[in-house]
Amino acid sequence: MNTKSIITGTGHFVPPKVVTNFDLEKMINTTDEWIRQRSGIVERHYVESGVGSSDLGYEAALRAIENAKINKSEIDFIIAATLSPDHYFPGIGVLIQAKLDLSGIGALDVRNQCTGFIYALSVADQYIRTHTYKKILVVAAEVQTSNLDYSDDGRDIAVLFGDGGAAVILEPNDKDDGRGVLSTHLFSDGNFASDLWMEKPSPKDNPTFRKEYIDEKKYYPYMNGRNVFKNASEKMPEAVKIALEENGLTIEDVDHLIPHQANDRISLMVAKILRIPVEKVIRNIDRMGNTTAASIPIALDESLKSGRIKEGDTVVLTAFGSGYTWGSAVIKF
Ligand code: UT7
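Reading the values: rules and limits
Residues numbered from 1 in each chain as written. Predicted model: local features only at pLDDT ≥ 70, side-chain atom pairs only at ≥ 80, totals over all residues. Heavy atoms only, no water. Helix = DSSP H or I, 4+ residues; strand = E, 2+ residues; numbered from the N terminus. Buried < 20%, exposed > 50% of the residue type's maximum accessible area, 1.4 Å probe, protein only. Contact = heavy atoms within 4.5 Å. Polar contact = N/O pair within 3.5 Å; in protein donor to acceptor, adjacent residues only side chain to side chain. Salt bridge = Lys/Arg side-chain N within 4 Å of Asp/Glu carboxyl O. Expected span 1.5 Å × (residues − 1). Near = heavy atom within 4 Å. Areas by Shrake-Rupley, 256 points an atom, 1.4 Å probe, with all protein chains shown as cover. Domains from an automatic or database assignment.

**Some words on the environment of His185**
Structurally, His185 can be placed in strand β8 (residues 180-188). Under the relative-accessibility criterion, His185 is labelled buried at 11%. When the C-alpha positions of His185 and Gly104 are compared, they lie 30 Å apart, and in sequence the two are 81 residues distant. When neighbours within four sequence positions are excluded, His185 is seen to be in contact with Ile118, Ile242, Ala243, Glu246, Trp326, Gly327 and Ser328. Within the structure, His185 has its side chain in polar contact with the side chain of Glu246 (distance 2.9 Å).

Now the structure itself:
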């Protein structure tokens with residue numbers, strides 16, 4: 001029997017402050033109507049000043065540990081995904097490890113943006129399959145709202161993003177019952193890095209951080225929205241089709257699809273291309289906005305806790321984002 005890894009616990013934490021489109025109307029030259037029509041977003045969560053992605057990740061981790069009914073001391077490895085670390089370095093993996101009081105165990109950071117959770121899950125899955133670790137905390141968390149351009153220059157991006165964290169515990173499934181992570185597929189194309197990035201700092205800069213770049217807004221995220229939209233709509237279905245084929249499944253076998261929550265129009269486009277009924281597509285972007293690496297595990301946790309995802313269900317995850325990076329995972333619950 002090949003050991004599969006299985007998700008034994010999930011948790012998420014979003015900061016309590018809710019920012020509606022109407023709140024944004026007071027901060028940005030935008031309208032509730034524009035945001036809803038273009039993205040499907042109604043509200044998102046914002047951190048208070050002083051809260052970092054490691055704080056959100058820590059809170060999410062505690063909930064996943066409780067849900068998995070394990071003692072935190074049993075965790076033997078951490079993988080953390082974020083594009084918005086507390087510090088330029090080190091990453092948030094070690095910071096979450098310290099907050100959990102788990103000194104000594106390895107903590108790996110994954111920098112794959114919106115696809116970060118699928119990349120992290122894939123790495124964790126390999127470690128479990130090879131019996132390297134027995135209980136891995138995979139955590140994804142983002143604090144993005146403290147570094148958005150709320151002027152007209154950045155309003156296309158600023159209205160989309162929210163803050164949040166989510167975590168899962170991955171363990172070996174010792175039973176031969178077919179449950180667990182069936183596959184992960186990872187892709188990237190760095191030729192399109194500049195379509196969605198923070199341009200500065202760059203290797204050309206000496207010293208690395210320069211005041212004029214603050215004035216020129218080079219430390220804000222930049223996005224070629226139309227290119228990203230087009231590629232996201234194409235690459236996510238491609239990644240799902242490859243995964244289904246490898247597992248000998250058809251789209252009819254899929255009980256739930258969780259696409260990265262980047263834009264509800266993208267999720268609906270992905271559903272249309274895959275010919276999957278929209279009722280099977282999990283969508284929470286209306287309440288969360290785009291929480292980048294955290295978006296899929298937040299939706300997963302909500303769906304498990306609400307009973308929407310049940311034991312025996314086949315769930316497909318897919319993401320696309322900065323890099324470009326994209327991928328898919330198939331999980332039997
Ligand atoms: O998670 C990572 C992956 N990210 C994504 O997948 C996001 C992908 N891209 C998108 O979702 C869409 O491109 C956006 C939602 C970002 C933008 O939608 P769009 O339909 O591509 O709009 P646009 O950028 O072409 O802008 C259309 C108009 C422009 O005005 P003009 O030139 O037509 O007069 C913009 O200036 O909308 C204007 N606009 C806004 N108006 C009100 C841009 N942002 C806003 C805003 N409020 N926030």
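Moving on from the model shown.
**Observations concerning the pattern of salt bridges**
Any two side chains of opposite charge can pair, given that their charged atoms come close. Tallied over the entire structure, the rule returns 19 salt bridges. A salt bridge links Glu59 to Arg63; the nearest nitrogen and oxygen atoms lie 2.9 Å apart. You can see Glu59 and its partner Arg63 sitting in helix α3 (residues 53-68), four residues apart, about one turn around the helix. By relative accessible area, which is 25% here, Glu59 ends up partly exposed. In this structure, Lys218 and Glu199 form a salt bridge, with 3.5 Å as the shortest nitrogen-oxygen distance. Placement of Lys218 in the loop between α7 (211-215) and β10 (221-223) and of Glu199 in the loop between β9 (196-198) and α7 is noted, with a sequence separation of 19 residues between them. Judged by relative accessible area, Lys218 falls into the partly exposed class, the value being 24%. Put simply, Glu74, Lys135 and Glu171 are held in one network by salt bridges that share partners.

**Quick word on helix α8 (residues 225-246)**
Note on helix geometry: an α-helix contains 3.6 residues per turn, so any two residues three or four positions apart are oriented the same way. With 22 residues, α8 extends 31 Å between its outermost C-alpha atoms, agreeing within 8% with the 32 Å of an ideal straight helix rising 1.5 Å per residue. Within the sequence span of α8, burial applies to Val228, Phe229, Asn231, Ala232, Ser233, Lys235, Met236, Pro237, Ala239, Val240, Ala243 and Leu244. Looking one or two residues past α8, Gly248 carries a phi angle of roughly 65 degrees, positive in sign.

**Quick look at the site of the ligand**
The immediate surroundings of the ligand are formed by 21 residues, with Thr30, Arg38, Arg226, Asn263 and Asn290 found nearest. The separation between an oxygen atom of the ligand and a polar side-chain atom of Arg155 is 3.1 Å. A distance of 2.7 Å separates an oxygen atom of the ligand from a polar atom in the side chain of Asn263. Protein burial of the ligand: of its 950 Å² of free accessible surface, 75% is covered by the chains. Those elements that provide at least two residues to the shell around the ligand are α2 (32-39), α6 (155-158), α8 and α9 (264-274). Considering every element that reaches the shell around the ligand, the biggest residue donor is α8, with four residues. Split by domain, the residues of the shell around the ligand number at least three in each of domain 1 (4-173) and domain 2 (180-332).

**A few points about unusual backbone geometry**
A cis amide bond links Phe89 to the next residue, Pro90, at an omega of -5 degrees. Residue position: Pro90 is located in the loop between β4 (77-81) and α4 (92-99). The amide bond that connects Gly323 to the next residue, Tyr324, takes the cis arrangement and shows omega of -15 degrees. Positionally, Tyr324 belongs in the loop between β12 (314-321) and β13 (325-332).

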